[in-house]
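Summary of the model geometry
Given next are the chains, with one letter for each unit.
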Number of protein chains: 2
Amino acid sequence: MLQIAGIAGLPEIEPGTDLAAAILHAASASGNPLVDGDVVVVTSKIVSKAEGRTVELADVQPSPFAHQWAEQWGKDPAVVEIVLLEAKRVVRQIGPILITETHHGFVCANSGVDQSSSGAHGRAVLLPVDPDASARRIRAGFVAAGVNAAVIVSDTFGRAWREGQTDIAIGVAGIQPILSYIGQVDPHGHEFMVQALCTADELAGAAELVKGNLSRVPVAVVRGYQWEPDDTATIAPVLRDQTRDLFR
Amino acid sequence: MLQIAGIAGLPEIEPGTDLAAAILHAASASGNPLVDGDVVVVTSKIVSKAEGRTVELADVQPSPFAHQWAEQWGKDPAVVEIVLLEAKRVVRQIGPILITETHHGFVCANSGVDQSSSGAHGRAVLLPVDPDASARRIRAGFVAAGVNAAVIVSDTFGRAWREGQTDIAIGVAGIQPILSYIGQVDPHGHEFMVQALCTADELAGAAELVKGNLSRVPVAVVRGYQWEPDDTATIAPVLRDQTRDLFR
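Below is a short write-up of the structure.

Reading the values: rules and limits
- Residues numbered from 1 in each chain as written.
- Chains lettered and ligands numbered in written order.
- Predicted model: local features only at pLDDT ≥ 70, side-chain atom pairs only at ≥ 80, totals over all residues.
- Heavy atoms only, no water.
- Helix = DSSP H or I, 4+ residues; strand = E, 2+ residues; numbered from the N terminus.
- Buried < 20%, exposed > 50% of the residue type's maximum accessible area, 1.4 Å probe, protein only.
- Pairing = 2+ DSSP bridges.
- Axes fitted to C-alpha atoms, helices over the stretch in contact; angles between N-to-C directions.
- Parallel < 35°, antiparallel > 145°, perpendicular 65-115°, else oblique.
- Left-handed = near helix turned anticlockwise from the far one by under 90°.
- Contact = heavy atoms within 4.5 Å.
- Nonpolar A, V, L, I, M, F, W, Y, C, P; charged D, E, K, R; others polar.
- Polar contact = N/O pair within 3.5 Å; in protein donor to acceptor, adjacent residues only side chain to side chain.
- Salt bridge = Lys/Arg side-chain N within 4 Å of Asp/Glu carboxyl O.
- Phe/Tyr/Trp six-rings, centres within 6.5 Å; stacked < 30°, edge-to-face > 60°.

All names here are of chain A. Here the phi dihedral of N110 falls at roughly 55°; this positive angle occurs in a residue that is not glycine. Residue placement: N110 occurs in the loop between β6 (107-109) and β7 (123-125). The exposure class assigned to N110 is buried, which follows from its relative accessible area of 11%. In this structure, S111 takes a positive phi of about 55° despite not being glycine. Its place among the elements puts S111 in the loop between β6 and β7. S111 gets classed as buried once you look at its relative accessible area, which sits at 0%.

This is the structure in structure tokens:
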């Protein structure tokens, strides 16, 4: 059986906050200390805040294109400029929303740039520069404290073919993001049609069910999930090679 | 806190099997009877089997196109014919895989037709004709037994922009599939960038983590999730209007 619980009572996250220490402390203080085997799902926004991945809109010099596009769609030109700077390519535009591929290789709305919950007006929160490295730093803090827990950094993305967004994994540490069934056969001897499950995305989505986007609970713990500790794990296998991008 | 547990000990599902009764019995027999507020996630394959949504490949007359396409990609022409018959349109082809929009409006690989775990060789399992109706029948059986549980019928779909498949909802009963934040603001007064979460997909994915695709556990119960019983709920809000299909 899986148990999934939010970790309440985290402090307001500032640049330099030690997230591993803050999470360990909040979990213990709430009477639910982390244990070996836990999968800790951390919302990317607090990772970005701890890493100082925020931009004061007043410091941004929007390009003429950003001005033009922002005016057409009633957006803030500084935010548009940041979205474009965070993008490797623009995949698609739907009204005021730009679907972009970020420099990491994630395809999402507005390059994952978030103007909400930024701790102040006039500030944007960007995705972490290297979410796998962010996850590894947090996991290292847990391991140093004697807890062998995996870490998933999550964000909330839309999908091409379904309405509504879901939380997915943008960085992992200690746990492989994809569980492969390739070559295995079912009880009737057929090879599985399902060959690879993105369990990291399922874990991130499960964690969202207790975190919620309205609440102030940016971390959740999934307990009872079986995973094989693997410190070579990265999110890379989830990023679709552009030659297989179903959108192109 | 959420608790998610698989329901083991279900009988082999045959056409006409009363799934609600079978699930209630297996849950009680396993010492974990269903209770009010549970969300029961049922893998579509057993729903299809109970509804007789299987086709003997020997009974299929493949079209010349199906023959030609099957030969090109080393597929069974009968299966190709079934995939095409289950499709409203072919969205995309990736090597031997056809991404289609089913008559329900789901965009998925091979119209959701499954040749694995079909109970016999030479048989294909199709998606339920009306997964919402299937979910409502199961929920009605629970309610008749005095248990106000929601039901999600799940399947395993791929995504346009990420590798690995995840379990998602194809039918719902008693629970709305999308949780909307539209118009709500965060603690800093910003409207949320995230406006609608597809919690039904997150619940289906969470259930997959305990069901697994290799195991014989096609049903899982999510306990402790807060939902507002609503018997008008359908999966329709999750189906993207083709005018908003990010693929077109």
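Further remarks concern the pairing of strand β1 (residues 2-6) of chain A. In regular strands, side chains alternate between the two faces of the sheet. In this structure, β1(A) lies alongside strand β1 (residues 2-6) of chain B, joined through three bridges in antiparallel fashion. For A:L2, the partnering residue across the bridge sits in β1(B) and is B:I4. Pairing geometry for β1(A) and strand β12 (residues 219-223) of chain A, over four bridges, is antiparallel. Each bridged residue has a counterpart across the sheet, and for A:G6 the counterpart in β12(A) is A:A220.

Let us now look at the sheet that holds strand β2 (residues 39-43) of chain A. Taken in spatial order, the 10 strands line up as β9(A)-β8(A)-β2(A)-β12(A)-β1(A)-β1(B)-β12(B)-β2(B)-β8(B)-β9(B) in an open sheet, and their pairing is mixed. In the strand order of this sheet, the two ends are held by β9 (166-173) of chain A together with β9 (166-173) of chain B, each with one partner. With strand direction ignored, the average angle separating the axes of adjacent strands in the sheet is 25°. As paired strands, strand β8 (residues 150-157) of chain A and β9(A) are joined by seven bridges and run antiparallel to one another. Bridged to A:T156 within β9(A) is A:D167.

The next point concerns the packing of helix α6 (residues 199-211) of chain A against helix α6 (residues 199-211) of chain B. Remark: α6(A) packs on α6(B), axes separated minimally by 8 Å, with the N-to-C direction vectors making an angle of 120°. By the angle between their axes, α6(A) is oblique relative to α6(B). Our pair here, α6(A) against α6(B), has a crossing hand that is left-handed. Taken together, the residues of α6(B) that come into contact with α6(A) (itself represented by A:T199, A:E202, A:L203, A:G205, A:A206, A:E208 and A:L209) are B:T199, B:E202, B:L203, B:G205, B:A206, B:E208 and B:L209. Here the contact of α6(A) with α6(B) is composed, by residue class, of six nonpolar, four polar and four charged.

All names here are of chain A. Taken in spatial order, the three strands line up as β4-β5-β6 in an open sheet, and their pairing is antiparallel. Both edges of this open sheet fall to β4 (87-94) and β6, since each of them pairs with a single strand only. Put simply, the sheet's adjacent strands are angled 30° from each other on average, direction ignored. Bridge count between β4 and strand β5 (residues 97-102): six bridges; the pairing is antiparallel. Within β5, the position partnered with A87 by the bridge is T102. Strand contacts of helix α4 (residues 77-85): β4 and β5, with the helix running at about 120° to β4, the strand carrying the most contacts.

All names here are of chain B. Here helix α1 (residues 19-29) has its buried residues at L19, A20, A22, I23, L24, A26 and A27. Looking at the buried positions of α1, the neighbouring elements they touch are β2 (39-43), α2 (44-50), α5 (131-144) and β12 (219-223). Sitting at the amino-terminal end of α1 is D18, which places a side-chain oxygen 3.2 Å from the backbone nitrogen of A20. Once α1 finishes, G31 follows within two positions and takes phi at roughly 80°, a positive value.

All names here are of chain B. Relative orientation of the contacting elements α1 and α5 amounts to 55°, with a least axis distance of 8 Å. Relative to α5, α1 is oriented oblique. Judged by the sense of rotation from one axis to the other, the crossing of α1 with α5 is right-handed. Judged by residue contacts, L19, A20, I23 and L24 of α1 engage I138, G141 and F142 from α5.

It is worth spelling out the pattern of salt bridges at this point. Side-chain pairing between opposite charges can occur once the charged atoms of the two side chains come close. Residues and elements named next belong to chain A. Counting across every chain of the model gives 23 salt bridges over all chains. D231 is the partner of R139 in a salt bridge, and the nearest nitrogen-oxygen pair spans 2.8 Å. A residue pair is termed long-range when its members are at least 10 positions apart, and R139 in helix α5 (residues 131-144) and D231 in the segment after β12 qualify at 92 residues. Overall, the relative accessible area of 6% leaves R139 in the buried class.

With that settled, the discussion passes to the packing of aromatic side chains. All names here are of chain B. Applying the stated criterion across every chain yields a total of four aromatic pairs over all chains. Aromatic side chains W69 and W73 sit 6.2 Å apart centroid to centroid with 40° between the ring planes, which places their arrangement in the tilted category. In this pair, W69 and W73 are both assigned in helix α3 (residues 64-73), four residues apart and thus about one turn of the helix distant. Assessed through its relative accessible area of 6%, W69 is described here as buried. What makes W73 partly exposed here is its relative accessible area of 32%. Centroid distance F106 to F157: 6.2 Å. Interplanar angle 70°. Geometry classified as edge-to-face. Highlighted residues: F106 in the loop between β5 (97-102) and β6 (107-109) and F157 in strand β8 (residues 150-157), separated in sequence by 51 residues. Of the two residues, F106 and F157, neither departs from the other in class, the shared state being buried.

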